[in-house]
Amino acid sequence: MTIAHHPSDETLLRLAAGTLGAGPALVVAVHLEGCAACRERLAGLEAVGGAILHEMPPAPLSADLFGRTMERLEGMPPTPVQDRVPKRQPALGIDLPRAMRRCDVGPWRWLGPGFKWSKVGIAGDPEAKVMLLKGRAGLHLPAHGHTGLEFMQVLSGSLSDERGQYFPGDLDEADDQVDHRPVVGQDSDCVCLAALEGDTRLHGWLGRLLRPIVGF
Amino acid sequence: MDAAGPHLPDRLAEQVRPEARLIVLNGARQKEVLPSPEELTRLLEAVAQARDRNAFARLFAYFAPRVKSFLIRSGLTDAVAEEVTQEVMIAVWRKASYFDPGRGGASTWVFTIARNRRIDRLRRSRLRTTDHFLDPSDEPDTPPSGEDIALMTEREKGVRKALATLSSEQATIVRLSFFSEKPHAEIARELGIPLGTVKSRVRLALNRLRTLLDNDP
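A brief look at the structure comes next. Model, not experiment: these values are computed from the prediction. (Residues numbered from 1 in each chain as written. Chains lettered and ligands numbered in written order. Predicted model: local features only at pLDDT ≥ 70, side-chain atom pairs only at ≥ 80, totals over all residues. Heavy atoms only, no water.)

Concerning the state of the cysteines
All names here are of chain A.
1) Next: Tallied over the entire structure, the rule returns zero disulfides over all chains.
2) Next: Sulfur of C38: no disulfide; nearest cysteine sulfur belongs to C35 and is 3.6 Å away.
3) Next: Sulfur of C192: no disulfide; nearest cysteine sulfur belongs to C190 and is 5.0 Å away.
4) Next: For C192, a relative accessible area of 6% translates into the label buried. (Disulfide = S-S within 2.5 Å. Buried < 20%, exposed > 50% of the residue type's maximum accessible area, 1.4 Å probe, protein only.)

Quick word on the sheet that holds strand β11 (residues 183-184) of chain A
Residues and elements named next belong to chain A.
1) Next: Within the open sheet, the three strands sit side by side as β8-β7-β11. Their pairing is antiparallel. The open sheet has two free edges, formed respectively by β8 (164-166) and β11, since each of these has just one partner strand.
2) Next: Two elements, strand β7 (residues 159-161) and β11, share two bridges in a ladder whose sense is antiparallel. In the sheet register, L159 faces β11, and the bridge partner there is V184. (Pairing = 2+ DSSP bridges. Helix = DSSP H or I, 4+ residues; strand = E, 2+ residues; numbered from the N terminus.)

Side note on the interface of chain A and chain B
1) Next: Chain A puts 64 residues into the contact, and the matching count from chain B is 71 residues.
2) Next: Roughly 6400 Å² of surface becomes buried between chain A and chain B when both sides are summed, with 61% attributable to carbon and sulfur atoms.
3) Next: Ranking the residues of chain A by area buried against chain B places L53, H54 and E55 of chain A at the top, with a combined share of 11%.
4) Next: Only α1 (9-17), α2 (22-34), α3 (36-55) and α4 (65-73) of chain A provide two or more residues apiece to the side of chain A that touches chain B.
5) Next: No other element matches α3 of chain A, which puts 16 residues into the side of chain A that touches chain B. (Contact = heavy atoms within 4.5 Å. Buried area = accessible area lost by both parts, 1.4 Å probe.)

Brief notes about the packing of α1 of chain A against helix α9 (residues 195-215) of chain B
1) Next: Orientation of α1 of chain A relative to α9 of chain B, taken along the N-to-C sense of each, is 80 degrees, at an axis distance of 10 Å. Of the possible angle classes, the one that applies to α1 of chain A and α9 of chain B is roughly perpendicular. Between α1 of chain A and α9 of chain B, the contacting residues are D9, E10 and L13 of chain A on the first element and V202, L206, N207 and R210 of chain B on the second. (Axes fitted to C-alpha atoms, helices over the stretch in contact; angles between N-to-C directions. Parallel < 35°, antiparallel > 145°, perpendicular 65-115°, else oblique.)

So this is what it looks like as structure tokens:
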């Protein structure tokens, strides 16, 4: 299926620059897995980073830095041992994207009728606001707005709101200008991965529903 | 060097003509001979395949001062920037076999390592290890074709040309986006425009950059 919704240029630039938060970065990484066009866009922006590095005026180094570095290299194995043991993840009824294989993923928990969530933890960033959401076919989510950016990647099923329809592979960025009322497609349940940036909070019901349970 | 100071316009002007830069080497001022992208790729491959220390020394001489400069410009102190630079160069030595010239140039690869180490350093107060979704050593190894490598070398050159083609305001926006954790505030200050206008200027700059990158691969 053709992917219709992609991360913005600025989001990809922030990912390339390393200034996008860990939560949004995870959601975009999942999108990149399925989107060759965005991988290509990101590679171009990382190359801009390489060009900026190239043109930096060289800073003076301590005279012994090279020597100290070589000393530290002595006795190190040539290739670092990869500590890539997959996290224990509960059976959620979906194949999780590769980008999530090192995340802590909780079991489905009840959030409302036909509406479940699962907490996603990112090693190294306990404050990241990331979760999997699962809505049954036809579910109407409460209307809500956001104080900052919300990133949402569809993993299965479909979703629509006032601005468009989202299928697996699509990534939606909703900023503080967007007030929307997402509806799950009629054909099947929908699972998506969502992240809120920084101190973003949800307005409206959904916020009031989520805050005491999810914690944000 | 006052790389962490607020005199950005001077430094940006300085960055426009890298070939005119001088470095202090063994007390004598000499013209730095910049290795070509192809040469850097060859040196990285020599480290990967033969643990070639001379090749590594040349990579160090080229990259370490630039990585340090980049880190200082990103807000690290001189001492921390040097520590992180050492970590970056150690990663270059140890991970050289993961460098894939079919995916990007040597400068881009080292940039992504420096970027990830900077993230680690900035988050260190509240973490053990950071999960990098864009770890350059994270992909399955597929040997690049000669065509891939030629394409990447072209891209590297195209990107440098694109940066030079941007208007000075747009180039400033792109650079600040790489240096600053909160680029919008810094862009507003630097360009003397209201914060509310920054978003649309950033969008314009990125549109232009995208057009340049697309047309000149």
